[in-house]
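Residue-level structural notes
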Amino acid sequence: MICCGTNSPMLAFHDKMTSTALLELSLEQADLVYYSGDRIRGALIVHVAAPVTIAGVELRFRGAARAKWREVGWKTEVEHEKEEIYFDDRFCLWGKVADDGRWESREVLNRGRHLFPFQYKLPEGIPCSFEGPEANIRYTVHGALARVAGSNITTKKIVTVLRDLDCKRDNEKKSPASRHVLEDHAERTFSTTCCRPSRVSCSLCVLKRSYVPGETIHADVQIHNMTMRKSGPCRLQLKQLVTYGENHCRPILLLDFEFQESVRPGQRRQWKNLSLIVPPTCPSKLSKCRVIDVRYCVAIECQFSDSVLYAAVPITVVTVPERGIIPIRWSYQECSTEYGEEETRNTTNEDIFRPRYKFYEELRDIRKDKYFVLKLRQSPGVKRRLLVNEGESRTDSDALNDSKA
């Protein structure tokens, strides 16, 4: 992608410059996925069709978090915008730069292909890449051809930076263990004119807390409608809870599964093993980021004409499977960035970026294999041999007792 600024008084010179010089940013990592502490290796390539005079060639590495949100109060609406920069480093690949940042050199690039190799070490402990509505954590590599007059010729690539999150290292004191069953119960009362108030209740149970992308969430749901009203659709949802700043939270719907069209008055229904597959998404808890925080929850919604019955349990999306689950096949896959019509209208093509996260396409639970092995040890053949041996031992003991007598 080549981005060139235009200036009407020097349009002819600009067209001539862009037609004679072309920038290309090439990185060794084809999928553009890195981890904190990795080295970004590549080359900035300048293609020159005819000799051209420039001030120099520059490379810039930048990582920052940005968030923008609105808080609506009584007769007031306050707009907040916050940015946190993790690194912003510039390097001169060719030419000379003064102490005040101005280019001092005038260099002539001859016709041909000019290669400027580089490598850059990402800082340790930086947060994971993230894209949300009016919020992101982005890591970019910029290349620039500084012109003597007019706008510079630039190129840019956005890379994905990941950071592992292991459920065993999740030291949040108030969180239950990863294999702890999570439950939530909700109840709502409806008043009527001719009889006593009636109520509807629901419960949600999730078998464990930590999941990796590609793993299946199994949930048990129970709904008891003790009212004279018929409910609307009942849905099982996976939500991403994005916190802006200190306490402004915005839910983003990742998955929505309608498991029941309606629940009739007086009906009690129970569903076992409703499933949702965790999509490629950012892990929970953006460590060392003070602008954005990310959490997840599994929720059920039961619609009524004037209210919604809602229950939810928190889960943690990690990048390392728990003990006993072995990854067989995985790949880096793009996350979804569809947040609604309003955000889509306000987003341009240049603003769209989809980070790539580790997605486990096949997982093997060796704990089930051990269970089946234990069952096989008690197979009919084994039991038959045990009974035969037990009978022989009893016969020998009886013969010994008779001889003694």
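In this report, the structure presented in the accompanying data block is examined. (Residues numbered from 1 in each chain as written. Predicted model: local features only at pLDDT ≥ 70, side-chain atom pairs only at ≥ 80, totals over all residues. Heavy atoms only, no water.)

Quick notes on the overall build of the protein chain
Check the secondary structure of the protein chain and you find 4 helices and 22 strands. Taken across its 405 residues, the protein chain has 40% of its residues classed as buried. Taking contacts inside the protein chain between residues at least 6 apart in sequence as the whole, the part at least 24 apart equals 72%. Accessible area of the protein chain: about 23,500 Å², with a carbon and sulfur share of 49%. (Helix = DSSP H or I, 4+ residues; strand = E, 2+ residues; numbered from the N terminus. Buried < 20%, exposed > 50% of the residue type's maximum accessible area, 1.4 Å probe, protein only. Contact = heavy atoms within 4.5 Å. Areas by Shrake-Rupley, 256 points an atom, 1.4 Å probe, with all protein chains shown as cover.)

Some remarks on the environment of A144
The topology assignment puts A144 in strand 10 (residues 135–147). Since its relative accessible area comes to 11%, A144 is described here as buried. Here the alpha-carbon distance between A144 and L23, two residues 121 residues apart in the chain, equals 7.9 Å. Setting aside its immediate chain neighbours within four residues, A144 contacts L23, L44, G56, V57, E58, I153 and T154.

Details of the environment of V148
Inspection of the secondary structure assignment puts V148 in the loop between strand 10 and strand 11 (153–162). Taking the relative accessible area as the measure of exposure, V148 reaches 42% and is therefore partly exposed. Considered as a pair, V148 and W103 are 45 residues apart in the sequence and their alpha carbons are 8.9 Å apart. Apart from the residues lying within four places of it in its own chain, the contact partners of V148 are T53, I54, A55 and R106.

Let's talk about the packing of aromatic side chains
Taken as a whole and judged by the stated rule, the model has 10 aromatic pairs. When the ring of W69 is compared with that of Y244, the centres are 6.1 Å apart and the planes differ by 45°; the resulting orientation is tilted. Of this pair, W69 sits in strand 5 (residues 52–73) while Y244 sits in strand 16 (residues 234–244), and the two are 175 residues apart along the sequence. Assigned by exposure class, W69 and Y244 land together as buried. A ring pair is formed by F91 and Y120, whose centres lie 6.0 Å apart and whose planes are at 65°; its orientation type is edge-to-face. Taken together, the residues span a long stretch of sequence, with F91 in strand 6 (residues 76–95) and Y120 in strand 8 (residues 112–121) at a distance of 29 residues. Over the aromatic face of W330 sits the side chain of K358, whose NZ or CZ is 4.3 Å from the ring centroid. (Phe/Tyr/Trp six-rings, centres within 6.5 Å; stacked < 30°, edge-to-face > 60°. Lys NZ or Arg CZ within 6 Å of the ring centre and 35° of its normal.)

Digging into the environment of G143
Within the secondary structure, G143 sits in strand 10. As for G143 and L44, which are separated by 99 residues in sequence, their C-alpha atoms are 6.9 Å apart. Every residue in contact with G143, bar those within four places of it in the chain, is listed here: L23, L44, E58, L59, I153, T154 and T155.

Focus on the pattern of salt bridges
Tallied over the full model, the rule gives 22 salt bridges. A salt bridge links K208 to E215; its shortest N-O distance comes to 2.4 Å. With relative accessibility at 6%, the residue K208 sits in the buried group. E361 serves as the salt-bridge partner of R329, at 3.0 Å between the closest nitrogen and oxygen. Taken as a pair, R329 in strand 21 (residues 325–334) and E361 in strand 22 (residues 356–365) lie far apart in primary sequence, 32 residues in all. What makes E361 partly exposed here is its relative accessible area of 35%. Linked by salt bridges that have partners in common, K68, R70, E77, E79 and E134 make up one network. (Salt bridge = Lys/Arg side-chain N within 4 Å of Asp/Glu carboxyl O.)

Some details on the side chain of Q237
You can see Q237 is positioned in strand 16. Looking at Q237, the relative accessible area reads 4%, which means it is buried. Sequence-distant contacts of Q237, that is, excluding residues within four places in its chain, are made with L253, L255, D256, L276, C297, V298, A299 and E301.

Some details on the pairing of strand 11
The buried fraction of strand 11 amounts to 7 of the 10 residues, a majority that puts the element mostly inside the structure. With 7 bridges joining them, strand 10 and strand 11 adopt antiparallel strand pairing. When the bridges of strand 11 are listed, T140 appears paired with I158. Hairpin connection between strand 10 and strand 11: a loop of 5 residues separates the two successive antiparallel strands, and G150 in this loop has a positive phi of roughly 90°. (Pairing = 2+ DSSP bridges.)

A few points about the sheet that holds strand 14 (residues 210–211)
An order of 14-20-19-16-17 is seen for the 5 strands of this open sheet, with the pairing classed as mixed. Two strands close off the open sheet at either side, each with one partner strand: strand 14 and strand 17 (248–260). Sheet analysis places strand 16 next to strand 17, joined by 11 bridges and oriented antiparallel. Looking at the pairing, Q237 lines up with D256 of strand 17.

Keep in mind these values describe shape, not function.
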